[in-house]
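# Close look at the chain arrangement
Each chain, written out:
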Amino acid sequence: MAENQEEAPWWEKFSALGARTAPSYSKETLLRQFNILGDILNAGTLLIDVRRNDHEGGVIRGSLNMPAQSFPYHMATLYRLCHGDGVNVISRVMFYCGSSNGRGPRCAAWFKDYCAQRAEAEGIPENMADPQVFTLEGGIKGWVAGGAPYRAQVDGYDEAYWMQFAEVKTVGKRTVESSTGDDAMEEDGEENQTKRRVLGMKGPGGSSV
């Protein structure tokens, strides 16, 4: 009797897609934009939340939910949305998932490659292609862990949901992620909870503070 084969990870069927690496965008820089501009979409920035089953606890204000597992089918639509009427355009697209360790960077890479291919077809140099594509560093967990100024920019914020995560409960302490690989973190298309250990900050003489 043949042994049961493990089901291939969801992203494997999209292996033919290009994978240009999208740079990270810091949460501190994004928060400054919120504080200065209020509505970052008016400034040409669109946030894409690619969570699916773990789409809980709220969303960063203005985010559009496009689950990673079906995102490649919607890249052409997103590209057209970004270009709008040629005047009111979205010049920056930022992807995030739970921790931006798996689905977020993967979708950002796919879309960055798609934009580059469209630019080439239209005779536009890649370094002038719009929109620019980024991954939000730390994902929504990192955003919420930033504290009150960040949580104020989360629509539908659910305190009880976020308090189950060590990186959120230990704001102000140093957290270290386990060395779990990208692909291993995503099981059946969803991120596993990243194991973390909290290191007490040491003061003079090695005493805990």
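The name given to the chain in an unreviewed UniProt entry is Rhodanese domain-containing protein, and the organism recorded there is Venturia effusa.

## Observations concerning the nonpolar core
One broad trend across soluble globular proteins is that nonpolar side chains are buried collectively. Ranked by size, the top nonpolar core spans 25 residues in total, and within it Ile-48, Phe-71, Leu-78, Phe-95, Trp-110 and Phe-111 carry the most contacts. Of all the secondary-structure elements, those providing two or more residues to this core are β2 (45–49), α2 (75–83), β5 (92–96) and α3 (103–121). Apart from the residues lying within four places of it in its own chain, the contact partners of Phe-111 are Phe-71, Met-75, Leu-78, Tyr-79, Val-93, Phe-95, Pro-131 and Val-133. Counting 22 residues, the second largest nonpolar core, distinct from the first, contains Ile-140, Trp-143, Val-154 and Tyr-161.

## Quick notes on the environment of Ile-124
Along the chain, Ile-124 turns up in the loop between α3 and β6 (132–136). On the basis of relative accessible area, Ile-124 is assigned to the partly exposed category, the value being 32%. Those residues within four positions of Ile-124 in sequence are excluded, and the remaining contacts are Ala-119 and Ala-129.

## Some words on the environment of Tyr-150
Tracing the backbone shows Tyr-150 in helix α5 (residues 148–151). On the basis of relative accessible area, Tyr-150 is assigned to the buried category, the value being 8%. On a C-alpha basis, the gap between Tyr-150 and Leu-31 in space is 6.9 Å, while along the polypeptide they are 119 residues apart.

Criteria and thresholds
- Residues numbered from 1 in each chain as written.
- Predicted model: local features only at pLDDT ≥ 70, side-chain atom pairs only at ≥ 80, totals over all residues.
- Heavy atoms only, no water.
- Core = buried A, V, L, I, M, F, W, Y, C linked by side-chain atoms within 4.5 Å.
- Buried < 20%, exposed > 50% of the residue type's maximum accessible area, 1.4 Å probe, protein only.
- Helix = DSSP H or I, 4+ residues; strand = E, 2+ residues; numbered from the N terminus.
- Contact = heavy atoms within 4.5 Å.

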